[in-house]
Structure formats: C-alpha cells, structure tokens
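Per-entry structural report
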Amino acid sequence: MITRENRVLRRPGRRFLLLPAPGGALEPYELKGPYAWPRAEGLPTSRVAYAAAHVVADPLAEPAPASLDWDTTLAYRRHLWSCGLRVADAMDTAQRGAGLDWDTTRELVRRSAAEAKAFGDPYDLLACGAGTDHAPEADSPAAIADAYEEQVAVVEQTGARVILMASRQLAAAARGPEDYHEVYGRLLRQTSRPVILHWLGEMFDPRLAGYWGSGDADEATSSFLDLVKAHAPAIDGVKVSLLDPGRETRLREALPEGVRLYTGDDLDYPSLIKDGSDALLGVFDAIAPAASAALAALDRGETGDYDDILNRTLPLARKIFEPPTYHYKTGLVFLAWLAGHQDAFVMVGGAQSARSVLHLTDVFRLADQAGLLPDPDLAVRRMRSFLTTAGVL
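Residues numbered from 1 in each chain as written. Predicted model: local features only at pLDDT ≥ 70, side-chain atom pairs only at ≥ 80, totals over all residues. Heavy atoms only, no water.

**Examining the packing of helix α8 (residues 217–230) against helix α9 (residues 245–254)**
Operational definition: A fitted line through C-alpha atoms represents every axis, and for helices the fit uses only the stretch in contact; the resulting angles, taken between N-to-C directions, go from 0 to 180 degrees. For the purposes of this entry, the term helix denotes a DSSP run of H or I that reaches at least four residues, the term strand denotes a run of E that reaches at least two, and both are numbered from the N terminus. In these notes the angle categories are as follows: under 35 degrees is roughly parallel, over 145 is roughly antiparallel, 65 to 115 is roughly perpendicular, and the rest is oblique. By convention, the crossing between two helices is left-handed when the near helix turns anticlockwise from the far helix through less than a right angle, and right-handed when the turn is clockwise. A contact between two residues is defined here by any heavy atoms of the two lying within 4.5 Å. Three classes are used: nonpolar for Ala, Val, Leu, Ile, Met, Phe, Trp, Tyr, Cys and Pro, charged for Asp, Glu, Lys and Arg, and polar for all others, with Gly counted as polar.
One can describe the packing of α8 onto α9 by two numbers: an axis separation of 11 Å at closest approach and a directional angle of 25 degrees. As summarised for this structure, α8 and α9 are arranged roughly parallel, according to the angle between their axes. Judged by the sense of rotation from one axis to the other, the crossing of α8 with α9 is right-handed. Judged by residue contacts, A217, D218, T221, F224, L225 and K229 of α8 engage R247, L251 and A254 from α9. For the contact of α8 with α9, the per-class residue count stands at five nonpolar, one polar and three charged.

**Describing the packing of aromatic side chains**
Spelled out, the test is: Two aromatic rings from Phe, Tyr or Trp, using only the six-membered ring of Trp, form a pair when their centres are within 6.5 Å; if the ring planes differ by under 30 degrees the pair is stacked, by over 60 it is edge-to-face, and anything between is tilted. Exposed residues in this analysis have more than 50% of their type's maximum accessible area, buried residues have under 20%, and partly exposed residues fall in between, with area computed by a 1.4 Å probe over protein chains only.
All chains considered together, the criterion is met by 21 aromatic pairs. Judged by centre distance (6.2 Å) and plane angle (85 degrees), the rings of Y269 and F284 are edge-to-face. Pair noted here: Y269 is in helix α10 (residues 269–275) and F284 is in helix α11 (residues 283–286), with a separation of 15 residues, a long-range link. F284 gets classed as buried once you look at its relative accessible area, which sits at 0%. For the pair F345 and F386, a centre-to-centre distance of 6.2 Å together with 70 degrees between the ring planes defines the contact as edge-to-face. Here F345, found in the loop between α14 (328–338) and α15 (357–369), pairs with F386, found in helix α16 (residues 376–389); they are 41 residues apart in sequence, far enough to count as distant.

**Section: the pairing of strand β7 (residues 195–200)**
Along a regular strand, successive side chains alternate from one face of the sheet to the other. So the rule is basically this: For two strands to be treated as a pair, DSSP must find at least two bridges joining them. Crossovers are described as right-handed under a simple rule: with the strands pointing away from the observer, the path leading from the first strand over the helix to the second runs clockwise.
Within β7, six of the six residues are buried, which leaves it mostly tucked inside the rest of the structure. Here β7 shows no split at all, with V195, L197 and W199 on one side and I196, H198 and L200 on the other all buried. The pairing of strand β6 (residues 161–164) with β7 spans two bridges and is parallel. When the bridges of β7 are listed, L164 appears paired with L197. Of the strand pairs in this sheet, β7 and strand β8 (residues 235–241) are connected by six bridges, and their pairing is parallel. Bridging from a neighbouring strand, H198 pairs with K239 of β8. In terms of handedness, the path from β7 via α8 over to β8 forms a crossover that is right-handed.

**Comments concerning the nonpolar core**
Basically, it comes down to this: Side-chain atoms within 4.5 Å link the members of a nonpolar core, which is a set of buried Ala, Val, Leu, Ile, Met, Phe, Trp, Tyr and Cys residues.
L197, Y211, F284 and F364 are the most contacted members of the largest nonpolar core, which has 125 residues in total. Not counting chain neighbours up to four residues away, the residues in contact with F364 comprise L17, L19, Y29, L31, F334, L338, L373, A379 and M383. Counting 11 residues, the second largest nonpolar core, distinct from the first, contains V48, M91, A127 and Y262.

Quick look at the structure:
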C-alpha cells in the first residue's frame, strides 16, 4: 500500500522522482542522464541491421479502425535512418495482427517508401512485411498464396524489399510441410528481387505454433532449410525470431552461401550479431543510438567497445521482451514517448494498457541506466505524469 509518508518524501532535484516498488512502497530514484552516443556516418559495413519500427497512434481517433499520427510515425523512421539503421516496417512491431489493419498498413508502406527515397534506395533502406491478414477467409494453399501475392505486389510497387511474414491462415490450414512449400515456392518463383523470409516463434504469436509443418523444432527447421535451399537465389535472408540462440547459430551455419540470417532474438542479440548474424530486431527501435554506436565499433574491429555498449542494453531488452513476449510493443512505445519522439503514450487498439505500472517503471529505470533517455528532464516530467495518472503519486 502507498502510504502518506511515502508520498511526501522530499524531491531534491528536477531529475529526482519516486518510483513504485513491489508491495506498494515508493523508492527515490535520480536519473543518471543520457550517454553521448556518436552520430552514425552511413550504414554499418560489417553487418546488415534493420530496426523493426513501431507506429504512432492518433490519440484523438477511435480505437478501430487503426488511425495513425502520420507525421510522427514517419519522423520516427527518419530518426532510425539517421542513426545508420535500415527500417523494417509493417511487421509485428508495427502491430500487424494486433490492430493495424491492411488498409492502414498499405498506406504505411507507401508513405515509408516515399520517405526512404530522401535517404537512398528504398530497397536498401526499407523492408516491409507482406502477409495474408487481409484475407481471414483464405483456407487453402491456393487462396493463401493469392492473398500473399496481393500484399507482395503492394510492397514491390513502392521499391521496398519484401519480407514474407508468417501467416496465421497458413498455420491453421496447412496439413504438413508440403503446403508451406507449395505456398512459399509459388511466391519465391515470381518475386522480382530477393526477399526476406520471417520465422516468427509462437512466443511472439501463439497462433503460429507448428509453423513450417511441425510442432517439433528439429523437423520444422529441416523443412525450413529444404525450402531455403530450393529457392536460395530468390532469398536475401531469413529472419528468425525463436529466442533460441543455439538453434539460430546452427541454422545460420547450414544456410546456403549468400543467404543471410537476420537475428530476431531480442534477448541474445549482442553475442549472435558478434558471431556472424545480421540483425532485424524490434529492440533496435528502442536502442537505435546504442545499436548504431556498437555496430560502428564492430566495423572498426573494436569488439570490446561493441560488447560494452550492447551488453549495457541487455537488461532493458530482457525486461521489454519478458513474457508474455507479444506485449513487447508497449515498452517500445512507452520509451519513444519518454524520449520525446512522440507526444502521447497511446497505441493502436489501446495496447498501451498491456503492461503493468511496475513493468513500465522498470523499463524507465533500465532505459536511464542504459543512457537511452536523451532529455532527462522531459523523461522525469512524463514519468511523473504517468504515475500520477495511475494513482501512484
């Protein structure tokens, strides 16, 4: 219980506030302040690195259909590019399958590709998810492939790279590995340029359990590898979000030459990237300046600096992506608000309520300790207003 004595503790400075702790007590906390991250000078050379970007909801809109604050959503993508990161858009981080409908997604892809042109070639700088979420009635391999083709065409027309996202419809309808090979084989035979395949584990979306035709991880991996080997020239890389570093490493070693493995492991990314994986990570949305600095150190061969930078971010990442993992988007948006990248802590479908006050308090504290709150005074004001709204202060 929060007591009157806890409420009236003195606050000695602007960067000081009281934070709730388990059991109802309030504990004093003073921000350490941001780290002076160096600005990126172009894209990393030793690794290809995408930040999966979140979307900014319009705070005055009805919860459905999805309505975005377009200016702020696109400004955030410019922020990520300015940090020397590529952008992965219209994926689960952007709330695909969690409130972002296809009409809004299509507009997001078009607008993001137009913004990317100011920085370079959209195919190099932007990869966008193509799936089947606009066709919930699709219940056969042929119908599911038709649905994929519609979204692939939208992405390709913008000049962005295609990410073939995992399909809930295919997971529900497939009778075995052969149905996955039929659908993906048809798509890979006709895409105009190499694409990224996405294997999203069930911890991110329970409706994708048994993807690639088996609930056994070894059998699923074998099926996936057979598909990749059969269509390697059409595949730029595979994005693997299984939170299993050993399996990811073995898969990377088994891939055909020229096919990248983009780690989607938001819990073990420092070691996996260092050991040879490229990156397509939701956590990079939150730690972009640090990720950029670490990759620049890796380019220079300064692996000690690389380790120091990214290991500093790991406690924050593991808090944001703790179970239930699929609620990680709430932490990303909360941090973007605290950091001043957006003016409201609201999300598509009201997902800002998916995490507890104590969880978000830990996110705040760990972000500060990682040096990722660029304006501490603003962060304190916003955190204090959040806690006041929650009835804590």
